[in-house]
Amino acid sequence: MIEADLLTMAYPPLIVFAAALLVLVLPRILGFAIGALSLAAVVAIAVFAPEGAHLTGTFLGFSDIRPFYIDEFTRMMGIALGFLGTFAVIYAYSSEATKTMAAFALAYVASAFGVAFAGDWLVLVFMWEIMALTSTVLVWHYGGDAVRAGYRYAIAHGIGGSLVLFAVIAHYAQVGTFVFGEGVDYPNALLAGGFGEGLPMLLAILGIGVNVAFVGFHTWLPDTYPRPHFAASVFLAAFTTKTSAYVLLRAVPEGNIYLAYMGGLMAVYGVVFALLQHDMRALLSYHIQAQLGYMVAGIGIGTTIGAAGAMGHLFNNVLYKSLLFMAVGVVIYRTRENDLYKLGGLWREMPLTAIAFFIGALSITAVPGFSGFISKGMVLDAADPHYYGGSEYQALYWLLFIGAIGTFLSFIKLGFYVFFHGESDREVRDAKPGQITAMFSVGGACVVLGLPMIGWPVFTDLLPLIDGTEFLGPGGEDQTLTPYSVGHLQDAAILIAISAVGFKLIRKPLSKLDYSDPALIVNPVTYHVGRGTMRATTGTYAAVDNAVVSFVKRCYWVGNNPVLAVDAAARRLPMVDAEERRPADGGRPSTIHLRISIGTTVLLLTIVLTVVLWLLIS
């Protein structure tokens, strides 16, 4: 079709980046409207553009470059990011975000689309670096504490991006191409991609691991996301980590058991420290890591349902995590308070915001009837030996189940203390119309895509590797998704019951705790190590520089004063007696005055003759 062919010429990152430039020069309402429309256009392109590589050409001297690649994975990424981005712009407009912040946010979104739609590793790493830069500028724009956090964020993503770049270089040296799936033999891969074995794969996993917040690599996440403008946090929550989870699936298409267990550790680690937070956005940031753990686990398992569940959870997380940041952002906007223990009773003052929050909370905790129940259930089934997991994933299943309990406890805590605990001593208004529109549009998707019988089959139709509700099991046999089976509903009921009783037991002691992530010692340690290393490096350079300059000056002096130089050297020899220095620039002629004993002379002559004879004999 002509229309479909025209869509292949519309490069999504370029459309959104052009909108970012227009936001700066147009009246505010018009600029934001164009920004939202550009993202809605990306959704349309993702839905209707034909599969295949488009706009292919040469870049930096390399041929067969594919900046615009459509398959079922990139199509789903475009729909998820474009849909959320549209309403994030509306939310930002209603939240009094400046035109400059909106331009930075759209440039950041454009670079994320560049990563998501790339069809080769060269374009991907190029856009990856631009994404790190634009997201850093978005954080910096707010000023204050966000500036230092932005520097730490930039260092972390600079290290991660460098590792990915080295991985791409090593991959090209090994296989001779950047194109996804070419030059690498992965017979059981679920999608095109994959780095070469050995060093390229190791570097790729480590570099991408920074962006997906592997335990130990994650400190930038809770450090950065609570600090910028609350509308900027909505963008940040949706794009970097989710895009990176998709790239991890491209990089490791056959899965890896160690990667799967890293996902389990992320799920538990994230919820533990989320429970200990007072700052609402810090709590949500730790839950980004926890939810990424489910995606990483599904990718690591490497089966069809594992990978499809990971992508489904990515899609849902884009929606409900951003919705939660929107609702919490409205609370901060109206109350000017970040500490959840200093709030309470706001459901009477802000009922619409409370409803939006609980839609997001019920989705992230995987309550039946909401979209998170479908995707989280798929990942759990992929690990559970009673469903589709191997016996080697039994421990992983329990890690993920513990993470699910911690997620319930965290959002019971957050919702209870913000909206229900005590009476509100504040008179605050509810969300503004634009904020309400954005929250309930995103929240509506969370509800519709999880509905029994009606909604969830529509959701699974969006997922790659799933044909309606059918998929290939680990043994190659046809399987059917049954998320609302009796067994799944019983598991959900047990999870809810444990969480409700657990919160009752831990509520009071938990309210007295406010522990920072022990891994945050990385920040001061990195600062002091970096400062010490810089001082050691500059000190060594200065010492070498002084030594070289002194040597050159001494050589210059020796050349101008040879007699004095011989005198000075002779005085340092215990066997030589030298007269006091004599001026060489006047009076008597300059001569060398050395005296040596007869015994020393005989010794020196003997040594010289011995060496000469040895050389002649040999």
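Preceding this paragraph is the structure being described.
Residues numbered from 1 in each chain as written. Predicted model: local features only at pLDDT ≥ 70, side-chain atom pairs only at ≥ 80, totals over all residues. Heavy atoms only, no water.

Colleague: For this particular structure, what's the right way to read the packing of helix H17 (residues 394-420) against helix H20 (residues 486-511)?
Modeller: Helix-helix packing is characterised by the crossing angle of the two axes and by the distance between the axes. Axis separation between H17 and H20 bottoms out at 9 Å; the angle between their running directions is 55 degrees. Put simply, H17 runs oblique to H20. The element H17 and its partner H20 pack so that their crossing is right-handed. Residue-level inspection shows Phe401, Ala404, Ile405, Phe408, Leu409, Ile412, Lys413, Phe416 and Tyr417 of H17 in contact with H20, the latter providing Leu495, Ile496, Ile498, Ser499, Ala500, Gly502, Phe503, Ile506, Arg507, Leu510 and Ser511. In terms of residue class, the contact of H17 with H20 is built from 15 nonpolar, three polar and two charged. (Axes fitted to C-alpha atoms, helices over the stretch in contact; angles between N-to-C directions. Helix = DSSP H or I, 4+ residues; strand = E, 2+ residues; numbered from the N terminus. Parallel < 35°, antiparallel > 145°, perpendicular 65-115°, else oblique. Left-handed = near helix turned anticlockwise from the far one by under 90°. Contact = heavy atoms within 4.5 Å. Nonpolar A, V, L, I, M, F, W, Y, C, P; charged D, E, K, R; others polar.)

Colleague: Looking at this structure, how should I read the packing of helix H3 (residues 28-48) against helix H4 (residues 72-94)?
Modeller: Between H3 and H4, whose axes approach to 8 Å, the crossing angle comes to 165 degrees. Relative to H4, the element H3 is oriented roughly antiparallel. In this structure, H3 crosses over H4, and the sense of that crossing is left-handed. Each of Arg28, Ile29, Phe32, Gly35, Ala36, Leu39, Ala40, Val42, Val43, Ala46, Val47 and Phe48 in H3 lies in contact with H4, whose residues at this interface are Arg75, Gly78, Ile79, Gly82, Phe83, Gly85, Thr86, Val89, Ile90, Ala92 and Tyr93. Classifying every residue of the contact of H3 with H4 gives 16 nonpolar, five polar and two charged.

Colleague: When you look at the pattern of salt bridges in this model, what are you seeing that I'm missing?
Modeller: Here the structure, examined in full by the defined rule, presents six salt bridges. A salt bridge links glutamate 182 to arginine 66, with the shortest nitrogen-to-oxygen separation between them at 3.7 Å. Here glutamate 182 is found in the loop between helix H7 (145-175) and helix H8 (199-211), whereas its partner arginine 66 is found in the loop between strand S3 (62-65) and strand S4 (68-70), with 116 residues between them in sequence. With relative accessibility at 35%, the residue glutamate 182 sits in the partly exposed group. The closest approach of N and O atoms between arginine 152 and aspartate 223, which form a salt bridge, is 2.7 Å. (Salt bridge = Lys/Arg side-chain N within 4 Å of Asp/Glu carboxyl O. Buried < 20%, exposed > 50% of the residue type's maximum accessible area, 1.4 Å probe, protein only.)

Colleague: Explain empty space enclosed by the protein here, please?
Modeller: Empty space among the atoms becomes apparent when a probe as large as a water molecule is rolled across them. Taken as a whole, this structure holds three cavities of 30 Å³ or more when the rule is applied. Here the largest cavity defines a volume of roughly 190 Å³. Lining the largest cavity we find 15 residues, and of these Gly377, Leu380, His488, Asp491 and Ala492 sit closest to its centre. Within the residue set of the lining of the largest cavity, elements represented by two or more residues are helix H16 (371-383), H17 and H20. The biggest single contributor to the lining of the largest cavity is H16, with five residues. Looking at side-chain class alone, the lining of the largest cavity contains nine nonpolar, two polar and four charged residues. Each pocket or cavity is described by its volume, and for the second largest cavity that value is around 110 Å³. What lines the second largest cavity is Ile305, Phe373, Ile374, Gly377, Met378, Asp381, Tyr388, Thr480, Leu481, Thr482, Pro483 and His488. If one sorts the elements of the lining of the second largest cavity by residue count, H16 sits on top with five residues. Taken together, the residues of the lining of the second largest cavity break down into seven nonpolar, four polar and one charged. (1 Å grid on protein atoms, 1.4 Å probe; cavity = no way out; pocket = protein on both sides within 12 Å on 5 of 7 lines; lining within 4 Å. Points joined across faces, edges and corners; volume = space filled by probe spheres on them.)

Colleague: How should I be thinking about helix H12 (residues 257-275) in this particular structure?
Modeller: The α-helix winds at 3.6 residues per turn, so residues separated by three or four positions along the chain end up facing the same way. With 19 residues, H12 extends 28 Å between its outermost C-alpha atoms, agreeing within 8% with the 27 Å of an ideal straight helix rising 1.5 Å per residue. With a side-chain oxygen positioned 2.8 Å from the backbone nitrogen of tyrosine 258, the residue opening H12 is asparagine 256. (Expected span 1.5 Å × (residues − 1). Polar contact = N/O pair within 3.5 Å; in protein donor to acceptor, adjacent residues only side chain to side chain.)

Colleague: Got a minute to help me understand the packing of aromatic side chains in this structure?
Modeller: Aromatic ring pairs are defined here through the distance separating the ring centres and the angle between the ring planes. Counted under the stated rule, the structure contains 36 aromatic pairs. Pairing phenylalanine 416 with phenylalanine 503 gives two aromatic rings, centres 5.9 Å apart and planes at 70 degrees, and the pair type is edge-to-face. Residue phenylalanine 416 is located in helix H17, and its partner phenylalanine 503 is located in helix H20; the two are separated by 87 residues in the primary sequence. Put simply, the rings of Trp347, Phe357, Phe358, Phe411, Phe419 and Phe420 touch in pairs and so form one group of aromatic residues. Sitting over the face of the ring of phenylalanine 32, arginine 28 holds its NZ or CZ atom 4.8 Å from the ring centroid. For lysine 376, the ring lying beneath its charged end belongs to tyrosine 294, and the centroid distance is 4.8 Å. (Phe/Tyr/Trp six-rings, centres within 6.5 Å; stacked < 30°, edge-to-face > 60°. Lys NZ or Arg CZ within 6 Å of the ring centre and 35° of its normal.)

Colleague: Would you mind going over the environment of valine 486 with me for this structure?
Modeller: Looking at the secondary structure, you find valine 486 in helix H20. Residue valine 486 is classed as exposed on the basis of its relative accessible area, which comes to 60%. Separated by 51 residues in the primary sequence, valine 486 and threonine 537 place their C-alpha atoms 65 Å from one another.

Colleague: Any chance you could explain the environment of leucine 203 here in plain terms?
Modeller: Structurally, leucine 203 can be placed in helix H8. Counting along the chain gives 111 residues from leucine 203 to alanine 92, while the straight-line C-alpha distance between them is 37 Å. Beyond its immediate stretch of four places on either side in the chain, leucine 203 contacts Leu163, Phe166 and Ala167.

Colleague: Help me understand the pairing of S3 in this model?
Modeller: Look at any regular strand and the pattern is simple: side chains alternate between the two faces of the sheet. Taken together, the two bridges between strand S2 (residues 57-59) and S3 define a ladder with antiparallel strand orientation. Note that in S3 the partner of glycine 57 across the bridge is isoleucine 65. Linking S2 back to S3 in an antiparallel pair, the connection comprises two residues, with leucine 60 at a positive phi of about 55 degrees. (Pairing = 2+ DSSP bridges.)

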